[in-house]
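Breakdown of the fold
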Amino acid sequence: MSHTVEWKVRLRIVEDDEGQTRAHVLLDTGTAALSGRGRAHCHPADTDVPEIGDELAAGRAMNDLAQQLLNAAERDMEGMGAARRPGPRQAPGWPM
């Protein structure tokens, strides 16, 4: 059985005057919405490179969102009577 869906993701990144970068990612599945948040700040001794702060804050926000998706899937599987997976959860991404 074929299954195709499209989920919309919005990512907003804001840097303040004090070198703090905040990211907020919103996932809309059409039936549910989840959001993730991430932060980064530039150490005073480091060169200020806004792109790095953006990458760190966005990555952390998406990691937060990914963890929420994994938790939701695990709850859904348990609700369907699926056996709980033993041991630690594998980190998201491809194995190294």
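See the structure printed just above.
Attention here is on the structure that accompanies the text. Everything numeric in this text was worked out from a predicted model, so none of it was measured. (Residues numbered from 1 in each chain as written. Predicted model: local features only at pLDDT ≥ 70, side-chain atom pairs only at ≥ 80, totals over all residues. Heavy atoms only, no water.)

Considerations on the sheet that holds strand β2 (residues 20-28)
Selection criterion: When DSSP finds at least two bridges between two strands, those strands are taken to pair. In this description a helix means any DSSP run of H or I spanning at least four residues, a strand means any run of E spanning at least two, and both kinds are numbered starting from the N terminus. Angles here are taken between N-to-C directions and fall from 0 to 180 degrees, while the axes themselves are lines fitted to C-alpha atoms, restricted in helices to the stretch in contact.
The sheet built from three strands is open, its strands ordered β1-β2-β3 with antiparallel pairing. Two strands lie at the open edges of the sheet, namely β1 (8-15) and β3 (33-41), each paired on one side alone. Averaged over all pairs of adjacent strands, the angle between their axes in this sheet comes to 15 degrees, without regard to strand direction. The sheet contact formed by β2 and β3 spans nine bridges and is antiparallel.

Regarding the pattern of salt bridges
The test is simple: A side-chain nitrogen of Lys or Arg and a carboxyl oxygen of Asp or Glu constitute a salt bridge if their distance falls within 4 Å. Classification of residues uses two cut-offs on accessible area relative to the type maximum, computed with a 1.4 Å probe and protein chains only: under 20% is buried, over 50% is exposed, and between them is partly exposed.
Applying the stated criterion across every chain, the model contains two salt bridges. For Glu-6, the salt bridge is made with Lys-8, and the minimal N-O distance between the two is 3.7 Å. Like Lys-8, Glu-6 is exposed. Between Arg-22 and Asp-16 there is a salt bridge, and its shortest N-O distance comes to 3.9 Å. Residue Asp-16 is classed as partly exposed on the basis of its relative accessible area of 30%.

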